[in-house]
Amino acid sequence: MIKVEHVSKTYKAKQGTVEAVKDVSLEISRGEIFGIIGFSGAGKSTLIRLLNGLESVTSGQISINGKDITKLKRKALLKERQKIAMIFQHFNLLWSRTVEENIAFSLEIAGVAKDARNRKVKELIELVGLSDREKSYPSELSGGQKQRVGIARALANDPEVLLCDEATSALDPKTTKDILQLLVEINERLGLTIVLITHEMHVVRQICHRVAVMEEGRVVESGEVIEVFKNRSEE
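It should be emphasised that the depicted structure is a prediction, and the values quoted were computed from it without experimental measurement.

Secondary structure summary: the protein contains eight helices and ten strands in total. Taken over C-alpha atoms, the radius of gyration comes to 18 Å for the protein, in line with the 18 Å a tight globule of 235 residues would show. For the protein, the spread of C-alpha atoms along the principal axes amounts to about 50 × 45 × 35 Å. In the protein, which comprises 235 residues, the proportion classed as buried is 48%. Sequence-distant contacts in the protein: of pairs separated by 6 or more residues, those separated by 24 or more amount to 68%. Accessible surface for the protein amounts to roughly 12,200 Å². Of this, 48% is attributable to carbon and sulfur atoms.

See the structure below:
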C-alpha cells in the first residue's frame, strides 16, 4: 500500500543544512493502523508531510498503491493527494461554519452536487457520533467533538489513507480513548489504512498493529508493537 524507500529530506538553514529525515525505509500494508513514534524533532512530522506530498523528498521514493508520488507532475500529484486525508492536533476547522458546513467544505471544493453532498454529510455525522450537533459551531464544541468533525471532514472524499498528526495530544485521557476507539471502528468498517504520528506510547500501544520508532531523523526500530516495546523496555 505505502512503500517508503531510502527517503531523505534536507532543508537549507542559515547554519548550513538540516537533515530532517535520513534514509528512511518503511512498508505499510493496506488496512493497517501503523504508528510512527518519536520525541519532538525526531522527523516524524516531516515524514508525514512527505507521505501526503506537501513536501518533496530530497532523495528516495514514496509509492502509494504502486504509484511513485515523488515523480508525479503537479496535476497528477493533486489527484493522488485526494486519496490521502489528514487530521491534525489543533483540528483546523473553519470557525465561521457549522459542523455540517465544515464537513461539506471539501465536497464543495470537489464539485459534488448539493443532494449528494447533503447525503454524504449526514452519513459522516452519524459515523462519528455527532448527530445532535450538526448545527453547532466549533466554539460550541468540546475538543473531542472538534476532532470528530475533523475526522468526518477528512473522510468526506472517501480517501484510502488517513494520516493522523498528533491527533490526540491536545485531548484529555478519556477523550483520547474515545477518539482512538472511533479510529479503530473506521479502520474496521471502511478498511482504511491509518498512519498515526505521535510521541505518546500509550496511543500506539492501544490501537496500532505495527510501529516505527524515529530518532534524529532515522527509523531506529520497526515491527509488531508488542515486540518493539518489549525490546525497548529491555534496553
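From this point, the discussion proceeds with the structure in view.
What follows covers the packing of helix α3 (residues 99–109) against helix α4 (residues 114–127). Packing of α3 against α4 brings their axes to within 9 Å, and their N-to-C directions diverge by 130°. One way to sum up the angle between α3 and α4 is to call them oblique. Relative to α4, α3 is oriented so that their crossing is right-handed. Contacts from Val99, Glu100, Ile103, Ala104, Leu107 and Glu108 in α3 reach Arg117, Lys120, Val121, Leu124 and Ile125 in α4. Looking at the contact of α3 with α4 residue by residue, the class counts come to seven nonpolar, no polar and four charged.

Moving on, we come to the layout of surface pockets. When its volume is computed, the largest pocket comes out at roughly 850 Å³. Contributing to the lining of the largest pocket are 25 residues, with Arg81, Gln82, Ile84, Ser106 and Asn157 lying nearest its centre. Sorting elements by how many residues they give to the lining of the largest pocket places strand β6 (residues 84–88) first, with four residues. Here the residues of the lining of the largest pocket are counted per class, giving 14 nonpolar, six polar and five charged.

With that out of the way, let us pick up the pattern of salt bridges. For the structure shown, the criterion picks out 13 salt bridges. The shortest N-O distance in the salt bridge between lysine 71 and aspartate 68 comes to 3.2 Å. Overall, lysine 71 belongs to the exposed group, its relative accessible area being 61%. Aspartate 158 is paired through a salt bridge with lysine 120; the nearest N and O atoms lie 2.6 Å apart. A residue pair is termed long-range when its members are at least 10 positions apart, and aspartate 158 in the loop between α5 (143–155) and β7 (161–165) and lysine 120 in helix α4 qualify at 38 residues. Note on lysine 120: relative accessible area 15%, which makes it buried. A cluster of three or more residues bridged by salt bridges with shared partners is formed by Lys9, Arg49 and Glu55.

To continue, consider the pairing of β7. Where burial is concerned, most of β7 is hidden: five out of the five residues are buried. Side chains of β7 alternate between two faces, with Val161, Leu163 and Asp165 and Leu162 and Cys164 buried alike. For β6 and β7, the ladder comprises five bridges, and the chain directions are parallel. Considered in β7, the bridge of alanine 85 is made with leucine 162. Across five bridges, the pairing between β7 and strand β8 (residues 193–198) is parallel. By the bridge assignment for β8, aspartate 165 is matched with isoleucine 197. For the crossover from β7 across helix α6 (residues 173–190) to β8, the handedness is right-handed.

A few words now on the sheet that holds strand β1 (residues 2–13). The pairing of strands in a sheet comes from backbone hydrogen bonds and takes either a parallel or an antiparallel form. Read across the open sheet, the four strands follow the order β2-β1-β4-β5; overall the sheet is antiparallel. Only two strands of the sheet have a single neighbouring strand rather than two, namely β2 (16–28) and β5 (67–68). Summarising the sheet, β1 and strand β4 (residues 59–64) pair through five bridges and their orientation is antiparallel. Within β4, the position partnered with lysine 3 by the bridge is serine 63.

With 13 residues, α5 extends 19 Å from end C-alpha to end C-alpha; this agrees with the ideal 18 Å at 1.5 Å per step. For α5, a buried count of eleven out of 13 residues is recorded, marking the element as mostly surrounded by other parts of the structure. Buried within α5 we find Gly144, Lys146, Gln147, Arg148, Val149, Gly150, Ile151, Ala152, Arg153, Ala154 and Leu155. Buried positions along α5 lie against β6, α3, α4, β7 and α6.

Scoring rules and cut-offs
- Residues numbered from 1 in each chain as written.
- Predicted model: local features only at pLDDT ≥ 70, side-chain atom pairs only at ≥ 80, totals over all residues.
- Heavy atoms only, no water.
- Helix = DSSP H or I, 4+ residues; strand = E, 2+ residues; numbered from the N terminus.
- Rg over C-alpha atoms; globule rule 2.2 N^0.38 Å.
- Buried < 20%, exposed > 50% of the residue type's maximum accessible area, 1.4 Å probe, protein only.
- Contact = heavy atoms within 4.5 Å.
- Areas by Shrake-Rupley, 256 points an atom, 1.4 Å probe, with all protein chains shown as cover.
- Axes fitted to C-alpha atoms, helices over the stretch in contact; angles between N-to-C directions.
- Parallel < 35°, antiparallel > 145°, perpendicular 65-115°, else oblique.
- Left-handed = near helix turned anticlockwise from the far one by under 90°.
- Nonpolar A, V, L, I, M, F, W, Y, C, P; charged D, E, K, R; others polar.
- 1 Å grid on protein atoms, 1.4 Å probe; cavity = no way out; pocket = protein on both sides within 12 Å on 5 of 7 lines; lining within 4 Å.
- Points joined across faces, edges and corners; volume = space filled by probe spheres on them.
- Salt bridge = Lys/Arg side-chain N within 4 Å of Asp/Glu carboxyl O.
- Pairing = 2+ DSSP bridges.
- Right-handed = clockwise from strand over helix to strand, strands pointing away.
- Expected span 1.5 Å × (residues − 1).

Bear in mind that shape data such as this cannot, by itself, settle questions of function.
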